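Summary of the model geometry
Chain by chain, the residues:
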Amino acid sequence: MTTSLADRVVKYCDLAPCYDAFIDTRTPGSDQKENFTIIGPGVSENPNQYVHIAEPHGFNIGGARQPPGCTNSQHSHETAEVFYVHSGTWRFDLGEHGDDAQTVLSPGDLITIPTHVFRGFTNVGDDTGFLWAILGGDDPGRVLWAPKVFDLASEYGLVLLDDGMLIDTNKGEIVPDGKTPMPRTTRAQVEALHTFSAEQFEACVCRSGTIGPKGELNVLSGVAETLLIGRGRMNWPHGFQVSEVNMQPGAVVPPHQLSCPDVWFVQSGRVIVSIEGRKTILSEGDTCTIPPRLDRKLENSSDQSVTLVTVKGGDNSPDTVWS
């Protein structure tokens with residue numbers, strides 16, 4: 001297990017992108033996206049994808065940064081997929097062709113997309129945007145691409161193997177001996193996936209500022225915790241829980257321990273995080289992970305409020321021990 005404080009923090013400015021993580025990396029409109037694997041292996045099809053923190057958490061943390069007009073093509077996941085909008089304006093599209101249901105999200109909005117449904121997303125804003133992502137399980141498996149994604153990839157020299165590896169023939173790569181290209185998604189596979197109405201899809205969205213169930217941190221002075229996933233509005237099993245925490249200037253979350261991993265993401269402001277008395281400052285876009293049974297403390301010593309997102313492992317409330 002990683003124990004040094006520096007190895008538990010991933011600064012936004014230090015995120016290592018992969019520009020060819022997926023089979024649609026050369027498809028016009030999808031060729032400028034950056035994929036990040038922050039915690040866990042993620043679902044990248046490029047073996048060279050950089051993983052910032054590899055230790056198992058029971059869930060994965062990743063990210064996507066895309067310029068205006070850039071699209072992540074239609075695909076399906078085997079585990080839960082959640083996005084929290086850090087910046088930009090994003091349209092999410094469901095269905096094989098992205099026309100079953102659509103919704104647009106802005107900073108501070110969260111969306112959870114169930115398994116076995118085609119989804120894609122596009123930055124429809126005027127500036128580069130960043131999505132912070134959570135995937136269920138230590139191994140979230142591989143994605144299932146819509147048939148047209150395979151067709152477009154072949155036009156641009158990309159071959160996806162049945163073990164999930166991506167081969168770039170334009171770079172002179174060849175399919176290794178004993179390896180087989182992944183078959184194009186069949187009509188039967190497409191029809192086996194779920195479809196959603198616009199109303200059903202909107203039920204998967206939690207808008208910024210939504211009033212929801214309060215978490216245990218809400219009893220602390222200057223701290224407001226809203227439960228989003230797990231015990232919140234979206235209470236079906238994900239394998240993890242998600243809350244949004246607001247800390248007013250001078251607010252403190254005193255030292256405590258949890259029985260599960262605890263990951264924090266800074267949406268806005270700056271916060272001091274202490275792990276076993278060792279301190280670090282987190283700024284907007286930074287991610288920090290804290291192992292179980294270690295003292296953690298958060299302080300907002302600035303004159304501005306701080307908004308954080310926290311992810312805890314498991315579907316049940318973790319045991320909390322206050323120091």
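See above for the structure.
Calculation rules
- Residues numbered from 1 in each chain as written.
- Predicted model: local features only at pLDDT ≥ 70, side-chain atom pairs only at ≥ 80, totals over all residues.
- Heavy atoms only, no water.
- Disulfide = S-S within 2.5 Å.
- Buried < 20%, exposed > 50% of the residue type's maximum accessible area, 1.4 Å probe, protein only.
- Core = buried A, V, L, I, M, F, W, Y, C linked by side-chain atoms within 4.5 Å.
- Contact = heavy atoms within 4.5 Å.
- Pairing = 2+ DSSP bridges.
- Helix = DSSP H or I, 4+ residues; strand = E, 2+ residues; numbered from the N terminus.
- Polar contact = N/O pair within 3.5 Å; in protein donor to acceptor, adjacent residues only side chain to side chain.
- Salt bridge = Lys/Arg side-chain N within 4 Å of Asp/Glu carboxyl O.

Moving on, we come to the state of the cysteines. All told, the structure shown has zero disulfides when counted by the stated rule. Between Cys70, a free cysteine, and Cys18, which holds the nearest cysteine sulfur, the sulfur-to-sulfur gap is 13 Å. Relative accessible area serves as the criterion here: at 3%, Cys70 is assigned to the buried category. Left without a disulfide partner, Cys204 is nearest to the cysteine sulfur of Cys206, which lies 12 Å away.

Here the focus is the nonpolar core. Ile61, Leu110, Trp132, Ile134, Val242 and Val311 are the most contacted members of the largest nonpolar core, which totals 25 residues. If sequence neighbours within four positions are ignored, Trp132 has contacts with Ile38, Ile61, Gly62, Val82, Phe83, Tyr84, Val263, Phe265, Thr287, Val309 and Val311. Core analysis: the second largest hydrophobic core is formed by 20 residues, Leu5, Val253, Val271 and Ile290 among them.

So, on to the sheet that holds strand β19 (residues 262-268). Taken together, six strands build an open sheet; the order of strands is β1-β22-β19-β24-β17-β16 and the sheet is antiparallel. Edge positions in the open sheet fall to β1 (9-10) and β16 (223-229), since each of these has one partner strand only. In this structure, β16 lies alongside strand β17 (residues 240-247), joined through six bridges in antiparallel fashion. The residue bridging Thr226 from the neighbouring strand is Glu244, located in β17.

Summarising the element assignment, Glu96 is placed in the loop between β7 (90-94) and β8 (101-105). Among the polar contacts made by the side chain of Glu96, one reaches the side chain of Arg187 at a distance of 2.8 Å. Among all residues touching Glu96, those that are not within four sequence positions of it are Gln74, Phe118, Ala146, Pro147, Lys148, Arg187 and Val190.

Attention shifts here to the pattern of salt bridges. For the structure on display, the rule yields 15 salt bridges. In this structure, Lys11 engages Asp286 in a salt bridge whose closest nitrogen and oxygen atoms are separated by 3.3 Å. Here the residue Lys11 occupies a position in the loop between β1 and β2 (34-39), and Asp286 occupies one in the loop between β21 (278-282) and β22 (287-290), the gap between them amounting to 275 residues. Residues Glu34 and Arg65 are paired through a salt bridge, measuring 2.9 Å at the closest nitrogen-oxygen approach. In this pair, Glu34 is assigned in strand β2 and Arg65 in strand β4 (residues 59-66), connecting sequence segments 31 residues apart.

The strand order across the open sheet built from seven strands is β3-β2-β4-β11-β6-β9-β15, with neighbouring strands paired in mixed fashion. For this open sheet the edge positions go to β3 (51-53) and β15 (205-206), each flanked by a neighbour on one side alone. Across eight bridges, the pairing between β4 and strand β11 (residues 129-136) is antiparallel. Paired with Ala64 across the bridge in β11 is Leu131.

So, on to unusual backbone geometry. One non-glycine residue with positive phi stands out, namely His116, at about 60°. In this fold, His116 is placed in the loop between β9 (110-113) and β10 (119-123). The exposure class assigned to His116 is partly exposed, which follows from its relative accessible area of 30%. Unusually for a residue other than glycine, Arg293 sits at a positive phi of about 65°. You can see Arg293 is positioned in the loop between β22 and β23 (296-299).

Relative to the helices and strands, Lys33 resides in the loop between β1 and β2. Here the side chain of Lys33 touches Asp24 through a polar contact of 2.7 Å, side chain to side chain. Not counting residues within four places of it along the chain, the set of residues in contact with Lys33 comprises Cys18, Tyr19, Phe22, Asp24, Arg65, Gln66, Cys70, Thr71, Asn72 and Ser73.

This next bit is on the pairing of strand β20 (residues 271-275). Counting buried residues along β20, five of its five residues qualify, which places the element largely inside the surrounding structure. Residues Val271, Val273 and Ile275 of β20 are buried on one face, and the alternating residues Ile272 and Ser274, pointing to the opposite face, are buried as well. Of the pairings in the sheet, the one linking β20 to β21 comprises five bridges and is antiparallel in character. By the bridge assignment for β21, Ser274 is matched with Lys279.

This part is about the pairing of β10. Regular strands have side chains that alternate between both faces of the sheet. Burial analysis of β10 places five of its five residues in the buried class, the great majority of the element. Judged by which residues are buried, β10 turns out to be covered on both faces: Arg119, Phe121 and Asn123 on one side and Gly120 and Thr122 on the other are all buried. Where strand β5 (residues 71-76) lies against β10, three bridges are found, and the strand directions are antiparallel. Bridge pairing in β10 links His75 to Arg119.

Here the focus is the environment of Pro176. Along the chain, Pro176 turns up in the loop between β14 (166-168) and α2 (187-192). Owing to a relative accessible area of 31%, Pro176 belongs among the partly exposed residues under this scheme. With 15 residues separating them in the primary sequence, Pro176 and Leu161 have C-alpha atoms 9.6 Å apart.

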